[in-house]
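So you can see what is in the structure, the chains are spelled out below.
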Amino acid sequence: MIESAARALAKELVSRREEINRELSRNGVRFGVYKDGEYHDRLFPYDPVPRIIESDEFDRLEAGLKQRVQALNAYLNDIYSDKQIIHDGVVPEEFVYTSAGYYPQVNGVTPPGGVFAHIAGEDLVQGEDGRWWVLEDNLRIPSGASYPLFARDIERRINPRLFRNVHVRDNRDYSRLLRKAMDFVSTGGIAVVLSPGRYNSAFFEHAYLAEQTGATLAFPEDLEVVDNRLFFLDYAGNRHRVGVVYRRLADDYLDPFAFNPDSVIGVPGLLSAYRAGNVSIVNAPGNGAADDKAIYYFVPQMIRYYLGEEPILSNAPTYMPMFEKDRGEVLDRIGELVIKDVAEAGGYGVVFGKDLDRRERGELADRIKAEPRRFIAQEVIQFKDLDVVDSATGETVPRKADLRAFVLTGQNTHVWYSGLTRYSSVPGQMIVNSSQGGGFKDTWVLAPETKDSVRQSDEVTSVNLIPHVRKHALQLVTASKADNLYWLGRYTERVFTTLVQFYPFYDRVMDENADAFRPFAHALDLPEDFEDFDAFIESFLYDGDNPDSVRSAIVRAFNNAVILRPELSSRLLQYIELALTNITGAAERSANDEDIYAQRDVADNMLAFWGGIENSSADKALKAFIFVGKYLERIDLYTRFRMPDADLELALRNLESYAHMLDGLPLPQCFVDGLNWLLAQLPQRGYDWLVTRLRAFLDDFRSRAIMKESQENGALNAMSMDAHRP
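Reading the values: the criteria
Residues numbered from 1 in each chain as written. Predicted model: local features only at pLDDT ≥ 70, side-chain atom pairs only at ≥ 80, totals over all residues. Heavy atoms only, no water. Helix = DSSP H or I, 4+ residues; strand = E, 2+ residues; numbered from the N terminus. Buried < 20%, exposed > 50% of the residue type's maximum accessible area, 1.4 Å probe, protein only. Contact = heavy atoms within 4.5 Å. Areas by Shrake-Rupley, 256 points an atom, 1.4 Å probe, with all protein chains shown as cover. Salt bridge = Lys/Arg side-chain N within 4 Å of Asp/Glu carboxyl O. Core = buried A, V, L, I, M, F, W, Y, C linked by side-chain atoms within 4.5 Å. Pairing = 2+ DSSP bridges. Axes fitted to C-alpha atoms, helices over the stretch in contact; angles between N-to-C directions. Phe/Tyr/Trp six-rings, centres within 6.5 Å; stacked < 30°, edge-to-face > 60°. Lys NZ or Arg CZ within 6 Å of the ring centre and 35° of its normal. Patch = residues over 30% accessible without salt bridge, like charges linked within 9 Å, V, L, I, M, F, W, Y side chains within 5 Å. Lys, Arg positive; Asp, Glu negative; His and termini not counted. Charge placed at Lys NZ, Arg CZ, Asp CG, Glu CD. Parallel < 35°, antiparallel > 145°, perpendicular 65-115°, else oblique. Nonpolar A, V, L, I, M, F, W, Y, C, P; charged D, E, K, R; others polar.

This paragraph deals with the overall build of the protein chain. Within the protein chain, the regular secondary structure consists of 27 helices and 23 strands. Counting over 726 residues, the protein chain shows a buried share of 58%. Pairs at least 24 apart in sequence give 72% of the contacts found in the protein chain among residues at least 6 apart. With the model as given, the accessible surface of the protein chain reaches about 29500 Å², and the carbon-plus-sulfur share is 47%.

Turning to the pattern of salt bridges, a few remarks are in order. All told, the structure shown has 43 salt bridges when counted by the stated rule. Asp 173 is paired through a salt bridge with Arg 176; the nearest N and O atoms lie 3.6 Å apart. For Arg 176, a relative accessible area of 13% gives the class buried. Here the salt bridges do not stand alone but share partners, grouping Asp 123, Asp 402, Arg 404 and Arg 422 into one network.

We now examine the nonpolar core. Ranked by internal contacts, the top residues of the largest apolar core, which has 143 residues, are Tyr 174, Phe 517 and Leu 694. If one sorts the elements of this core by residue count, helix α17 (residues 479-511) sits on top with 14 residues. Sequence-distant contacts of Leu 694, defined by excluding residues within four places in its chain, comprise Ile 635, Leu 652, Leu 655, Leu 675, Leu 678, Leu 679 and Leu 682. Ile 85, Val 125, Ile 281 and Ala 284 belong to the second largest nonpolar core, which has 78 residues in total.

In this structure, Asp 291 sits in helix α12 (residues 288-291). Assessed through its relative accessible area of 11%, Asp 291 is described here as buried. Once residues within four sequence positions are removed from consideration, Asp 291 is found in contact with Asp 137, Asn 138, Leu 139 and Arg 140.

Strand order across the open sheet formed by 4 strands is β13-β16-β14-β15, with antiparallel pairing between neighbours. The two strands at the open ends of the sheet, each matched to only one other strand, are β13 (318-319) and β15 (350-352). Where β13 meets strand β16 (residues 375-378), 2 bridges bridge the pair, whose relative direction is antiparallel. Bridge pairing links Thr 318 to Gln 378 in β16. Sheet contacts for helix α15 (residues 358-370): β14 (338-341), β15 and β16; angle to β16, the most-contacted strand, approximately 125°.

Let us look at the pairing of strand β3 (residues 46-53). With respect to burial, β3 is a largely interior element, 8 of its 8 residues being buried. Pairing between β3 and strand β21 (residues 439-445): 5 bridges, direction parallel. Note on β21: the bridge partner recorded for Ile 53 is Val 445.

Turning our attention to the pairing of β21. The buried count for β21 comes to 7 of 7 residues, which makes it a mostly enclosed element. Sheet analysis places strand β20 (residues 420-423) next to β21, joined by 3 bridges and oriented antiparallel. Its bridge partner lying in β21, Tyr 423 is registered against Gly 439.

The next point concerns the environment of Ala 587. You can see Ala 587 is positioned in helix α22 (residues 570-590). Ala 587 sits 45 residues away from Tyr 542 along the chain, and the two C-alpha atoms are 5.3 Å apart.

So, on to the packing of aromatic side chains. All told, the structure shown has 46 aromatic pairs when counted by the stated rule. For the pair Phe 203 and Phe 219, a centre-to-centre distance of 6.3 Å together with 20° between the ring planes defines the contact as stacked. Here the residue Phe 203 occupies a position in helix α9 (residues 203-213), and Phe 219 occupies one in the loop between β7 (216-218) and β8 (223-226), the gap between them amounting to 16 residues. The two residues Phe 203 and Phe 219 agree in class, both being buried. Taken together, a centroid distance of 6.1 Å and an interplanar angle of 15° make the contact between Tyr 631 and Tyr 658 stacked. Separated by 27 residues along the polypeptide, Tyr 631 in helix α24 (residues 620-640) and Tyr 658 in helix α25 (residues 645-660) bring together distant segments of the chain. One aromatic cluster is present, formed by Phe 502, Tyr 503, Phe 505, Tyr 506, Phe 517, Phe 520, Phe 533, Phe 536, Phe 540 and Phe 641 through successive ring pairs. One cation-aromatic arrangement involves Arg 198 over Tyr 199; the distance from NZ or CZ to the ring centre is 5.0 Å. For Lys 400, the ring lying beneath its charged end belongs to Phe 383, and the centroid distance is 5.7 Å.

Moving on, we come to a negative patch on the surface. Together, Glu 528, Asp 529, Glu 531, Asp 532, Asp 534 and Glu 538 make up a region of like negative charge exposed at the surface. You can see Asp 532 is positioned in the loop between α18 (518-523) and α19 (533-542). You can call Asp 532 partly exposed: its relative accessible area is 46%.

The next point concerns the packing of helix α3 (residues 55-79) against helix α13 (residues 299-307). Running from N to C, α3 and α13 point in directions that differ by 80°, and their axes come no closer than 9 Å. One way to sum up the angle between α3 and α13 is to call them roughly perpendicular. Each of Gln 67, Arg 68, Gln 70, Ala 71, Leu 72, Ala 74, Tyr 75 and Asp 78 in α3 lies in contact with α13, whose residues at this interface are Val 299, Met 302, Ile 303, Tyr 305, Tyr 306 and Leu 307. Looking at the contact of α3 with α13 residue by residue, the classes come out as 10 nonpolar, 2 polar and 2 charged.

Dropping the structure here:
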């Protein structure tokens, strides 16, 4: 009864699909895809029809997932210590030591709290008969929890009545469970989410989970190891002890001293600090030894061996070419099975025998004979189709979908009451990985029919819905982020003031001729020979390849802002996303000679962003970094446009007000460089009086500036409207 009501009401979300996707877009819910060696940052396709799992059905899944992850943690603890499961002949040693995920560098190391897999992503499919099968265990850096977490929040706001009438288990406690697991294993100090950088495919998730857990988002260059202890470096060069690192980069790249020496995105010495017990790493290095696709074959035996229980959830029927009997079966039935390369992930290296011709099957058979350890074979499970709304037609169509369930382990093991349901974008295709271009949908776990059957753990969860968000202070801002804050202020101001000044000049062109626009072009050091005035205007406003364009300035504002999601919040970052969307839409409309004023919403986005920052609970010094940049840019632009002295005086007073918020604090070098450059320009513009006023700022800024090596940050802080501006 509850399920049928849920399905009926869930259909209401279909009519709100555009609204939900618009909200996801304005909040930057992205997943990067590498295609032909190039990175493409795209919105993660969302489908509004949720997967619905009944309460009793999920209870069984929950029990089976806990059992499985507990056994896998026991296995990792064993193979990196006593290796009893090898001695007892349950798992052959050649499978353990030949696994690409087995690292002797962590042999003998027991992680803080004794937990190896703090976050497990268990990939399951449901057969057409309703039976659930486990396809993979992901114990290294499983991704995807942030997407249904964010989508559910939007669904609740788009249609609150639906969630009043249908009792779906709340999924908003993921960040709380994650932070509890991190705190349990912390060795003392701050918590850090370690991201390889902005262009990682799951960077949105890195930044969003840092925001939601209150952890500090860090990049490898922000961390250093001293005396076998890990430290976070703030923008002033001060060290802050790190107790737990939620790492989002692979083992090979984690520490060039211990793993791949060519890694440029690791933290030198991190493994030494970990081995000394001075920092916890979530998930533990070496976990790949347990989620190797060949080791998957032995998980049911692990459950029996370590827990003395029969497996609750089943593996897909699997064959191991390393075993002679299985190899014969695989070679005889290669056209019926699915063959997986154990070294691949993300849907790569998966081949369906039925899709191969005779020659291709022969070649694959030869590879299996030559490298039997490299492959496993599985029966093809005809898993259920789920309804998906076709984005082109709006019709509901069947698509294959799996479920990634998340199991979090700290002091206790918890299965998250949701999951990432991924679907294929191609009819009949059984590979659904997001890295293969698929989409996602929310996963609704229904609550029990009667309140009496609600378990105690559900009640505890229901009163702990406030996210574990902690205010990010300036003292935990890195040198690069200090620059990001400053340039974010400059670029948002540049966009706003340039657009505000643009329209009056453009109006005059309609009443006079293109010559009326020359003062505007002159003020910004732009070309004044308008051979094709309309083409010039379109390039100035919309051309993303033109570094002088308004669109380029918005892109640079976005590139600075997206790094700052934990400090600024997703709510405020959405205004920069909206500006990017609006200018992109305006560019498309301009090609059809539509209203050139349609992009004026961009200026309103900037106002909303500044107002949100001013009224947020963010650290006041952090706000000041943005507004110092903003008002330095405003003074530059106002003097270019010969604005009245009264307007300049107001900008100067605002600069002074925000500068006072930073009294006694060290300052980034960009403050000095920007002000120094501006002071050199003002006499040429006839503003000697302003030079005297600003020189006092320069003397103060210089006395507190933190010198650092010059870095070429490209689009993050290049001053593009004039290449000579610092």
